[in-house]
Amino acid sequence: MSDRLFIFDTTLRDGEQVPGCQLNTVEKIEVAKALENLGVDVIEAGFPVSSPGDFNSVVEISKAVTWPTICALTRAVENDIRVAADALKYAKHPRIHTGIGTSDPHIRYKFNSNREEIIERAVRAVSYAKKFVEDVQFYAEDAGRTDNEYLARVIEAVIKAGATVVNIPDTTGYCMPWEFGEKIKYLMEHVDGIDRVTIATHCHNDLGMATANTVAGIANGARQAEVTINGIGERAGNTALEEVVMTFRSHRELGIDTNINATKITSTSRMVSSLMNMPVQPNKAIVGRNAFAHSSGIHQDGVLKNRESYEIIDPRDVGIDENSIVLTARSGRAALKHRLHVLGIELTSEQLDKAYEEFLRLADRKKEINDDDVLMLAGQHRKATSRIKLDFLQVTSGVGLHSVASVGLDIAGEKFEACASGNGPVDAAISAIKIIIRRKMLVKEFLIQAINKGSNDIGKVHMTVEHDGASYYGFSANTDIVAASAEAFIDAINKFVR
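Each value, and the rule that gives it
- Residues numbered from 1 in each chain as written.
- Predicted model: local features only at pLDDT ≥ 70, side-chain atom pairs only at ≥ 80, totals over all residues.
- Heavy atoms only, no water.
- Helix = DSSP H or I, 4+ residues; strand = E, 2+ residues; numbered from the N terminus.
- Buried < 20%, exposed > 50% of the residue type's maximum accessible area, 1.4 Å probe, protein only.
- Salt bridge = Lys/Arg side-chain N within 4 Å of Asp/Glu carboxyl O.
- Axes fitted to C-alpha atoms, helices over the stretch in contact; angles between N-to-C directions.
- Parallel < 35°, antiparallel > 145°, perpendicular 65-115°, else oblique.
- Left-handed = near helix turned anticlockwise from the far one by under 90°.
- Contact = heavy atoms within 4.5 Å.

Colleague: Describe in detail the environment of E117, supporting the description with residues and values.
Modeller: Secondary-structure assignment places E117 in helix α5 (residues 115-129). Classification of E117 by relative accessible area gives partly exposed; the value is 32%. With 10 residues separating them along the chain, E117 and I107 place their C-alpha atoms 9.3 Å apart.

Right, here's the structure in full:
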């Protein structure tokens, strides 16, 4: 059995299924290249049959990435498989990932079928995929709730049909770690030909045990871990790449390791968080901003005497520079450029100039510029190409007063102004914008997140706007929370007003 663990990253497929985290093709290529530099073995680039955008992204990622395997997801449907094969035509190392649900709830309610027919469909799908590519991965959806004896029959049948990798997903995050480990062990011991293929784990975090289940599966013979950056994904998320990689780096006695360049973990994490507008919780393992923070006096004393007193991972091993440059209003462009580089962001000279101007304005208002501030500044240049921009915003508000907002918008170079009152300054600003943008819009979700403590710090606003039966997601960050709210509303509008 190989002690090399293959890392299969599905940030661009399962991770992108999170509402509000959709990327365009250019952004997906940027993430794919970062994953390649990180050392990921397999990149699941998308589900080609689902949309023209997904198809095109798989095509372009196949062209842009050199050594990792590029994988495309399908159902056990011939048309899905043909479309995936077409999308992978430029991939240097293509893989088709096909499969079907194997649990009784899936068989009975999702497919209105029976166990024998499911095995036949699984075999047909793998056999058909083998006509296009040599590397075929099969997933037994909801394997976590599939009884082991039947699961073994399915896996044995698809191996005989030509599968090279068999994926055992805990699709609903239901399994206990020992239960999932025993499932992998059962397959290792009862499936004829299992030694000729790689067993993969794909665990979800519904009960907070995705990483524990993945580690248990690997301990019992799995040698491919399906993961996402920051653990993003459907519902409660997927297994986090950084947690699996650093678990085995921290436990060398297990003798299992990956090809991942761990020093690039933090920069990749922050890049994905920024592009997907998906904040990383402060206490997130490995990549949270508090992951290596010590506030307790006892902890501080222990760490100062010996870092290993309270840190099992050296922050530098995951790309956190303990001696980072402190950014202030006196910092130059070079310092800002360096910090952006550390965070995994490269700007053109023109974009850097604009970001630096914003940086100086922000530095004048704040005592300390942190990494979240820098990421916000780096995202400002993406707004430059928006059709609708906030030109100005003035709000009058106070105790015993009606809130009134005056708003100016730049729409494709033409100026518009409106004034409105509202139930608070944010409501007034949004009402004024609605007067200019004469569409029926409803704010369905409105989330404000403070980055750090302090009244002068940046606040992030995430907003869901419903228009014509569809939901659109907006995001902004600003030290002025009313301005951030207006900008987030406009960001969402830009996605349906053309």
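Colleague: Lay out the environment of L362 with the relevant residues and their values.
Modeller: Residue position: L362 is located in helix α13 (residues 349-365). Overall, L362 belongs to the buried group, its relative accessible area being 3%. For L362 and D373, which are 11 residues apart along the polypeptide, the C-alpha to C-alpha distance reads 8.6 Å.

Colleague: Would you mind going over unusual backbone geometry in detail, with residue names and values included?
Modeller: Across the chain, the bulk of peptide bonds are trans and the bulk of non-glycine residues have phi less than zero. Not every positive phi belongs to a glycine, and D142 is a case in point at roughly 65 degrees. Here D142 is to be found in the loop between β5 (136-141) and α6 (148-161). A relative accessible area of 0% places D142 in the buried class. Here D468, not a glycine, exhibits a phi torsion of approximately 55 degrees, which is positive. Looking at the secondary structure, you find D468 in the loop between β13 (459-467) and β14 (470-478). Taking relative accessible area as the criterion, D468 reaches 73% and is therefore assigned exposed.

Colleague: Kindly report on the pattern of salt bridges, identifying the contributing residues and their values.
Modeller: Under the defined criterion, the tally for this structure stands at 30 salt bridges. Where D41 meets R4, a salt bridge forms, and the shortest distance between an N and an O atom there is 2.8 Å. With D41 in the loop between α1 (25-38) and β2 (42-46) and R4 in the segment before β1 (6-9), the pair connects residues that are 37 residues apart, well separated along the chain. Taking relative accessible area as the criterion, D41 reaches 8% and is therefore assigned buried.

Colleague: A description of the packing of helix α7 (residues 177-190) against helix α8 (residues 210-219) should follow, citing residues and the corresponding values.
Modeller: Two elements in contact, α7 and α8, have axes separated by 8 Å at closest approach and are oriented at 30 degrees. What the angle tells us is that α7 and α8 run roughly parallel. Crossing of α7 over α8 shows right-handed handedness. In this structure, α7 contributes P177, F180, G181 and I184 to the contact, and α8 contributes A212, N213, A216 and G217.

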